[in-house]
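Chain residues, written in single-letter form:
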Amino acid sequence: MSTIRWIEAQPRSARWHSESGLPLPRRVVVADDRMRAAVAHRLACEGTALLWRGDFHNARQLLRAMDRRVGRAAPGAARTPAETFRLHRRFRAHRARVLGKLLVLLEEDHTLALRRAPDVSRACVEAYGPSDGPVAVALTELLGVISAREWRENGVHVPALDARIHPHYGVFAPTRSEYVDLVARAPLPGPGVRAAFDLGTGTGVLAAVLARRGVRQVVATDVSARARACARDNVRRLGFGRTVRVTGPGLYPEGRAHLVVCNPPWIPARPASDLDLGVYDAGGGMLHGFLDGLAGRLKPGGEGWLVLSDLAERIGLRSRDELLTAVEAAGLRVIDRLDTRPRHSRVREADDPLHAVRAAEVTSLWRLAVP
């Protein structure tokens, strides 16, 4: 167990926890409302963690002030999209390390003993599970936990379902509806599809779309226990509890199916933490696992649907030839491709160094079959 230690009238300690994989702080000092942003920023850059003991709202203001100072070093566009991507990932990692040095202490009941602190106990139980003693976390992480509780409570409206999906903490939310729409409108492989697999189901949104389209039995898998719990919650809310079965942690379930759907992480780069697994997949491991296993899991006349953005191609992290070669090497052929343009807000952010790449992005549903 990782433990942080500090002096507060006397030596004290608490368990250290970081969902994003921030390292254990080696030096911790107590900070309160008298702490100036310039000093906090300097100490954090030097590696010193600040355990906040002042007003909760003042801690948030200090975090914003530190963020402004960190932002002054943000890189602009480089010579190539790939270099721009690498520089900005490096900067975001630096930003996370610096801002992650402002800590708060969760008490034994997951509460904050700070002035004007909100009740975070329910959000923390949903994110971390039952408390097993005081724990120190980065304020940035706690704010993410609070935000996740709001997302889970309010849900995300999914037009293809005409319903809301409720993402849990640490599970990628279906805020980009264009890829869901592709699965909702692609022609099914023949009438009366009896069995389908949804690999890497996440919130369960694609499994729910397949169930709504009349697929009689959907088996949804995910490597993440959080995602499996989230998917079960959502299919139950939507009334598909008897149609959709959620399992894992293997990529493929037992048996064969008429349809296998996979929406793997789109960027073949190393995730910084488990929270990044919905976006980043080093070496495209899940993509290749889906392709390599597909031929042996399809029933005669069945199809595999690969939902994939070409953003990695436009950045320069993967080529179209590499993708098609992997399809052919897996003993598959492309029988059709449906394309759509992104509609998310980042497409309109002209000051984003990768704006041109994002604006040109195309998300595709590749219909694959065995020759």
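Keep in mind that this is a model prediction, so the values were computed, not measured. (Residues numbered from 1 in each chain as written. Predicted model: local features only at pLDDT ≥ 70, side-chain atom pairs only at ≥ 80, totals over all residues. Heavy atoms only, no water.)

Novice: Kindly report on helix H8 (residues 225–237), identifying the contributing residues and their values.
Specialist: Helix length check: H8 (13 residues) gives 18 Å between terminal C-alpha atoms against 18 Å at 1.5 Å per residue, within 8%. Buried residues in H8 make contact with strand E8 (163–165) and strand E11 (244–247). Trailing H8 by a residue or two, glycine 239 shows a phi angle of about 85°, which is positive. (Helix = DSSP H or I, 4+ residues; strand = E, 2+ residues; numbered from the N terminus. Expected span 1.5 Å × (residues − 1). Contact = heavy atoms within 4.5 Å.)

Novice: Quick one: what's the story with the side chain of threonine 363, residue by residue and with numbers?
Specialist: Tracing the chain through its elements places threonine 363 in strand E15 (residues 363–369). Residue contacts for threonine 363: discarding those within four places in its chain leaves Arg176, Glu178, Tyr179, Leu182, Trp266, Val307, Leu308, Ser309, Leu338, Asp339 and Thr340.

Novice: Can you explain a positive patch on the surface? Please cite residues and give values.
Specialist: A surface patch of like charges, here positive, comprises Arg60, Arg64, Arg68 and Arg72. Its place among the elements puts arginine 68 in helix H2 (residues 56–71). Accessibility expressed as a relative area gives 55% for arginine 68, which makes it exposed. (Patch = residues over 30% accessible without salt bridge, like charges linked within 9 Å, V, L, I, M, F, W, Y side chains within 5 Å. Areas by Shrake-Rupley, 256 points an atom, 1.4 Å probe, with all protein chains shown as cover. Salt bridge = Lys/Arg side-chain N within 4 Å of Asp/Glu carboxyl O. Lys, Arg positive; Asp, Glu negative; His and termini not counted. Charge placed at Lys NZ, Arg CZ, Asp CG, Glu CD. Buried < 20%, exposed > 50% of the residue type's maximum accessible area, 1.4 Å probe, protein only.)

Novice: Lay out the pattern of salt bridges in plain terms, naming residues and giving numbers.
Specialist: Applying the stated criterion across every chain yields a total of 23 salt bridges. A salt bridge links aspartate 32 to arginine 34; the shortest N-O distance between them is 2.7 Å. A salt bridge links aspartate 339 to arginine 337, with the nearest nitrogen and oxygen atoms 2.9 Å apart. Several salt bridges share partner residues, and in doing so they unite Arg122, Glu126, Arg149, Arg152 and Glu153 into one network.

Novice: Got a sec to walk through the packing of helix H4 (residues 121–128) against helix H5 (residues 139–154)? Specific residues and values, please.
Specialist: In contact at an axis separation of 9 Å, H4 and H5 are set at 90° when each is read in the N-to-C sense. Regarding the angle of H4 to H5, the classification is roughly perpendicular. Contacts between H4 and H5 involve Arg122, Ala123, Cys124, Glu126, Ala127 and Tyr128 on the former and, on the latter, Glu141, Leu142, Val145, Ile146, Arg149, Arg152 and Glu153. In the contact of H4 with H5, the residues fall into seven nonpolar, no polar and six charged. (Axes fitted to C-alpha atoms, helices over the stretch in contact; angles between N-to-C directions. Parallel < 35°, antiparallel > 145°, perpendicular 65-115°, else oblique. Nonpolar A, V, L, I, M, F, W, Y, C, P; charged D, E, K, R; others polar.)

Novice: Can you explain the state of the cysteines? Please cite residues and give values.
Specialist: Scanning all chains against the criterion turns up zero disulfides. In this model cysteine 230 remains outside any disulfide bridge; the closest cysteine sulfur is found in cysteine 262, 17 Å from its own. A relative accessible area of 0% places cysteine 230 in the buried class. (Disulfide = S-S within 2.5 Å.)

Novice: Can you lay out the pairing of strand E6 (residues 135–138) for me, pointing to particular residues and giving the numbers?
Specialist: In E6, alternate side chains face the same way, and those of Val135 and Val137 on one face and Ala136 and Ala138 on the other are all buried. Two elements, strand E2 (residues 10–16) and E6, share two bridges in a ladder whose sense is parallel. Following the sheet pairing, arginine 15 is matched in E6 by valine 135. Pairing analysis gives four bridges linking strand E5 (residues 102–106) to E6, with the strands arranged antiparallel. The residue of E6 that forms the bridge with valine 104 is valine 137. (Pairing = 2+ DSSP bridges.)

Novice: Give me the lowdown on H4, citing residues and values where you can.
Specialist: Listed as buried for H4 are Ser121, Ala123, Cys124 and Ala127. Seen end-on, H4 carries its buried residues on one side only, within an arc spanning 160°. Buried residues along H4 sit in contact with E5, H5 and H8. Looking one or two places after H4, you find glycine 129, whose phi comes out positive at around 90°. (Arc of directions from axis to C-beta.)

Novice: Quick one: what's the story with the sheet that holds E15, residue by residue and with numbers?
Specialist: Paired through their backbone hydrogen bonds, the strands of a sheet run either parallel or antiparallel. Strand order in this open sheet of seven strands is E11-E10-E9-E12-E13-E15-E14, and the pairing throughout is mixed. Each edge of the open sheet carries a strand with a single partner, namely E11 and strand E14 (333–340). Direction aside, the axes of adjacent strands within the sheet are offset by 20° on average. With six bridges connecting them, strand E13 (residues 298–309) and E15 associate as antiparallel partners. If you follow tryptophan 305 over to E15, its bridge partner there is arginine 367. Its contacts with the sheet place helix H6 (residues 177–185) against strand E12 (257–262), E13, E14 and E15, and it is angled at close to 130° to E14.

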